[in-house]
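Survey of secondary and tertiary structure
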Amino acid sequence: MAMKRIGVFICHCGRNIAGTVDVKKVAEEIGKREDVALATTYIFMCSEPGQKLIEESVKKYNLDGVVVANCSPTLHEKTMRNAAARGGLNPYRVEIANIREWAAWPHEDNPEAATRKAIRIINATIEKLKANASLEPIEVPVVRRALVIGGGVAGIQAALDLADAGIETILVEREPSIGGNMFRLSETFPTLDCPQCILTPKMNDVAQHPNIKLYTYSEVESVEGFMGNFKVKIRKKATYVDWDKCTGCGECLRVCPINVDSEFDLRMAKRKAIYIANEQAVPLKALIDENTCIRLQFEKKVKEGKIKPKKNVKICSKCADVCEPNAIHFQNNEEIVEEEVGSIIVATGFEVMPAEAFPELGGKYPDVLNSLQFERLLAPSGPTAGIPRRPSDGKVPESIAFVHCVGSRDPQSGVPYCSRICCMYTIKQAMLVKHALPSTAVYDFYIDIRSNGKGYEEFYHRAKEEYGVNFIRGKVSKIYKVGDKYRVQGVDTLTGRIVEVDVDMVILATAAKGSEGVKDLAKKLRIPYDEWGWLKETHLKLKPLETPVGGVFIAGAAQFVKDITDSVSQGSGAAAKAMALLSKPQLEKEPLLAKVDPEICAGCGRCKDQCAYGAISIDPVRHVAVVNEALCEGCGACSANCPTTAIQVVNFKKGQIIRAVDVLAEVF
Amino acid sequence: MGACKVHIPIKSISIQNLKVGEMMKYTIKKDPHKDERVQEIIDISGQNIFSCYQCGRCSSGCPMAEFMDILPNQVFMFLQEGDVDTLLQAKTPWICAACFTCTVRCPVGLDLAAVMEAIRELQLRKNYDYVDPYNVEERDILPPIALVSNFRKFTP
Amino acid sequence: MGKKIMFYPGCTLKGVAKNLEDSTIESARILGYDFVELPNWTCCGAVYGLAQDSVKFTIANVRNLIKAQQYGKEIGDNRLVAVCSMCYNNLRRAHIDVMKNRDKLHTLNIFMDEEPDYEGNINVLHYLQFLKDDVGFDNIAKKVKTPLKGLKVAPYYGCLLLRPDEVAIDDREDPHIMENLLKTLGAEVVDYPLKNECCGSYHTVDKREYVAERTYKLVSIAKEVGADVIATSCPLCFFNLDRRQEIAKQKHGDFEHMPIVYFTQLMAIAFGLKSEDVLHFDRHYISPREVLAPWL
Ligand SMILES: Cc1cc2nc3c(=O)[nH]c(=O)nc-3n(C[C@H](O)[C@H](O)[C@H](O)COP(=O)(O)OP(=O)(O)OC[C@H]3O[C@@H](n4cnc5c(N)ncnc54)[C@H](O)[C@@H]3O)c2cc1C
Ligand code: SF4
Ligand code: SF4
Ligand code: SF4
Ligand code: SF4
């Protein structure tokens, strides 16, 4: 039954709307409609009295539908629906007409046209509303478990908070150990804490927590389901070692003859073919790198028929020979496990661009490193025990240059944004160099020092005043090798002179980007990301941890590069979000979903092909499309592609939309 | 410049010749965004000079910078402050070699070589000769491209 | 007779840079190509105009492109090869410019009413590109008779083969095309960090001291990294790096001379073309004869 007693509430939004749109006139015009029982205006519809007005009017005028003409529905649709519901109206009989963003703001210079357009928008909305059905939210059960992807400090914090709240949590980390980038750091600004000292307790808590199930060296293979009910497949990569038996004694590493670059040390040190990620790894377990182990390579070639094994050849098994608990079995133990969870937190962190990406800045030279590599050389537990040495010849540098903004703030050859942490960590590294090597000269080429955190500006001043770091304002353009030295060709834009200095080592503060492979993961989760690999939040200010996919949250540097303080805060924040969700016995889901009319449906399956959520199947017996309400997101892709209009989204039926468009498209 | 003859631009602003206060104070009299000559330079060069954020990379990479009196990045600052006069008196635009190093490295994609040309054009279009084509030494040994390019850049 | 390819020599090759012209044409001949001079070509203008509101520097180049369009149809090939970096840069920029700005092309087509319109299908190539993509370095290797074994060469690109980005024949910050060619010839290539830095260009006319400073730096660093010679493709770079060593030497007591050669001369020598008719070492201020003696 079409509605006959509609209430229309026109918001002034202070002067935002009323400053341009003649709201009185709009109310007058709309009030002339037969199906409108009430058309009125109010200064702030979203305020308490504004909501009250809706609630009371519903009762007083016995309204059967409500249009609120105000701002974008993403802001206040819910508020208005609830207000009407309190007055006894089904909330799905409330529609928003956006006259602020669509009429008032774009036509500030032409109030008359803005007013006409506002009237038109409201009329169209009424046409759409009139055929709205009363709906009830759909209830779905909740699995009271959570998944955290990424075991950096943000993911660790999220997992611990969830587990402490009694929620069983699965933590998936693709590297052999948790800890993330923070575990690579030397010391941390602005307090100069030792990151390993403050992070290992948390890492051990993760390993020991009865509510945490830890999968390291594992990756998310696929994600199905929806808020409250996700089914996740996790691929545990092959380690060739039985981790139940491995004690982490490290005997095997001592005998393995193969040396390769260490991933953890970012090529600043070597590891063996069988290795433990680092000395404080959690879990402390050995694994074999199948690409470099002599035995596994041999077996692979035999299997592929590339070589024929001679009889009685002795192939390396040195590691297994010394392994007391017999943990090394050389068997491919890759495995897929399946977990059900109600909520997912993505904390996959970030990476920094390689120095090699900047040939003009000497990125190809061995002693020109990126910042994260240099953290390893400054780390007391690192390959040089905290005394930086040149990778090329092991020499202790007598002079070092740091270059800020390498690739950052550089839309032409890097990224457009400021990578936010580089100023602070570069200052920190400069200080640590002076600490380890007081007589080494340090030159810091910066464009602007961005020290906008608690204690950060003070930290910068310490570097200037107490540590003797030389700060030069200007971007370096070229670095090249002359003899044994690296010539840094810079500028001091403050004195207006070209500055050249020869140094032993150069550290490039290269731009940060989202972790490698994060885009694939985001696709599996159906969450948005930008071109640099940062996961996109629902609202930068107000919903920084949420994603458009219900039940999936983001935390830490995965959202955008940030320092440890902010990463930890976001880890806790996302955990709280997940807890709020998982604390409910049932979840309510919007009922604005696709519905099939089996009388018209021809079973062609076009809708099924369009649905990104796998919500549609074709009933093999009746030969019609069937929608799984739990999976459907109400996007409407199906109905737009249905040749017979058999599948339509409730309250967005074709007739409704066409009537609304007809009104909008009338000639002005 | 040794033996070769060079027309010195209208007034050179070498630091020594300046009176106290002449160089170190500049009064902004008008919003540089509304300055016609700044606009003219924007039009001729096709570059939004206001997008420069003073990183300095144009200067540090410039092969000719050490011979200039105003660094390339400073050229942008003078423009952003509406001080076209100083640029018209400066040596810098006539020392730029149009090598495009700054152009390709500028993080915001500014073509500084084109801006330098625009500043020269403001003078050249007033029929100004920076070099005298009839008075060039070594004519017999200079490759034709040297002469052609020089005259194209330095004469109307 | 080899395959006919249109060749744009440019003014300088016809005069002081005979060493570049002959070594280019003769090396191409060895590779089976007959470089025929574009009929009635005119000067490229040497530097491309950067003012947005002017087409005066574009017109001569478009005229050249139109001539290539006509002659190209005759010989059934749309490639136009230049070896002088400035000529290459100008022709290529003009082509890209008018293809990007159709209005500009339209204006020019109307202005040049005596000629046919430019249709936009001339493929302007630098000789290095032609050697890499159309001939192939493996085919070049087959023609090497005197490998330049032991000769340490600093490849020098200068500006106009690499900048601006739209005309770059290789990675502008770390190009390798000349390196790969020189290696094909058997030479040892040094890692020359200033290979893409400017030589001072046209300032050589009125500010030769400045250019001499550039030469001092470019040659000294080449020496520092162990080069015997610097190889280039641009007659202006060649002139500056070669001739301005005179002033560099006067000013800097520590300066040591180094011969400058065209990469095409090295190619000719490797192909066994060693006569003065091809190499024209008399055109060099610093003679490369001594340094190259083992291969001559
Ligand atoms: C050179 C340098 C110095 C720094 N110094 C300081 C400092 O002094 N003080 C400070 O406060 N901050 C510092 N930072 C910043 C600090 O490193 C970050 O704030 C912190 O690491 C962010 O933590 P995170 O957990 O969000 O991300 P990360 O540390 O990047 O951790 C992400 C984790 O997720 C894992 N992962 C990624 N993708 C997947 C996937 N698809 N599946 C499973 N797992 C995945 C990664 O392996 C990693 O373990 C520094 C950063 C750099 C680059
Ligand atoms: S089998 Fe040999 S090479 Fe392979 S991990 Fe063990 S010791 Fe190393
Ligand atoms: S509306 Fe249709 S396409 Fe969209 S999720 Fe639901 S069934 Fe799939
Ligand atoms: S184009 Fe001019 S200003 Fe720019 S780097 Fe080259 S010489 Fe310097
Ligand atoms: S490189 Fe570009 S942004 Fe940087 S100072 Fe020069 S013109 Fe400005």
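Presented here is an overview of the structure given in this document. Only a predicted model underlies this, so the values are computations on that prediction, with no experimental measurement involved.

1. Focus: the state of the cysteines
All names here are of chain A.
- Scanning the entire structure with this criterion turns up one disulfide over all chains.
- Disulfide pairing is shown between C194 and C197; the S-S distance is 2.2 Å. Taking the torsion about the sulfur-sulfur bond, which here is approximately 85 degrees, the covalent link between C194 and C197 counts as right-handed.
- No disulfide involves C11; its sulfur sits 5.2 Å from that of C13, the nearest cysteine.

2. Side note on the site of ligand 1
Residue and element names in this part refer to chain A.
- Taken together, the neighbourhood of ligand 1 is formed by 37 residues, with E173, F189, K428, A557 and K562 sitting nearest.
- The contact in question runs from a nitrogen atom of ligand 1 to an N or O atom on the backbone of R174, over 3.3 Å.
- Backbone polar atom of A557 to an oxygen atom of ligand 1: 2.8 Å apart, as the coordinates give it.
- Considered class by class, the residues forming the shell around ligand 1 number 16 nonpolar, 13 polar and eight charged.

3. A word on the pattern of salt bridges
- Counted according to the given criterion, the structure contains 80 salt bridges over all chains.
- When the shortest N-O distance is used, the salt bridge between R409 of chain A and D448 of chain A registers 2.8 Å. With R409 of chain A in the loop between β19 (399-406) and α12 (422-436) and D448 of chain A in the loop between β20 (441-446) and α13 (456-465), the pair connects residues that are 39 residues apart, well separated along the chain.
- For R409 of chain A, a relative accessible area of 9% gives the class buried.
- A salt bridge links R214 of chain C to E197 of chain C; the nearest nitrogen and oxygen atoms lie 2.8 Å apart.

4. Focus: unusual backbone geometry
- With an omega of 0 degrees, the peptide bond between V282 of chain A and P283 of chain A qualifies as cis.
- Take P283 of chain A: it is sitting in the loop between β13 (274-275) and β14 (287-288).
- The omega torsion across R163 of chain C and P164 of chain C is -10 degrees, close enough to zero to call that bond cis.
- Within the element layout of this structure, P164 of chain C appears in the loop between β5 (152-155) and α8 (177-184).
- Not every positive phi belongs to a glycine, and C13 of chain A is a case in point at roughly 50 degrees.
- For C13 of chain A, a relative accessible area of 12% gives the class buried.
- Residue N40 of chain C is not a glycine yet carries a positive backbone phi of 55 degrees.
- Structurally, N40 of chain C can be placed in the loop between β2 (33-37) and α3 (56-75).
- Since its relative accessible area comes to 64%, N40 of chain C is described here as exposed.

Thresholds, definitions, all that
Residues numbered from 1 in each chain as written. Chains lettered and ligands numbered in written order. Predicted model: local features only at pLDDT ≥ 70, side-chain atom pairs only at ≥ 80, totals over all residues. Heavy atoms only, no water. Disulfide = S-S within 2.5 Å. Near = heavy atom within 4 Å. Polar contact = N/O pair within 3.5 Å; in protein donor to acceptor, adjacent residues only side chain to side chain. Nonpolar A, V, L, I, M, F, W, Y, C, P; charged D, E, K, R; others polar. Salt bridge = Lys/Arg side-chain N within 4 Å of Asp/Glu carboxyl O. Helix = DSSP H or I, 4+ residues; strand = E, 2+ residues; numbered from the N terminus. Buried < 20%, exposed > 50% of the residue type's maximum accessible area, 1.4 Å probe, protein only.

Structural measurements only, silent on function.
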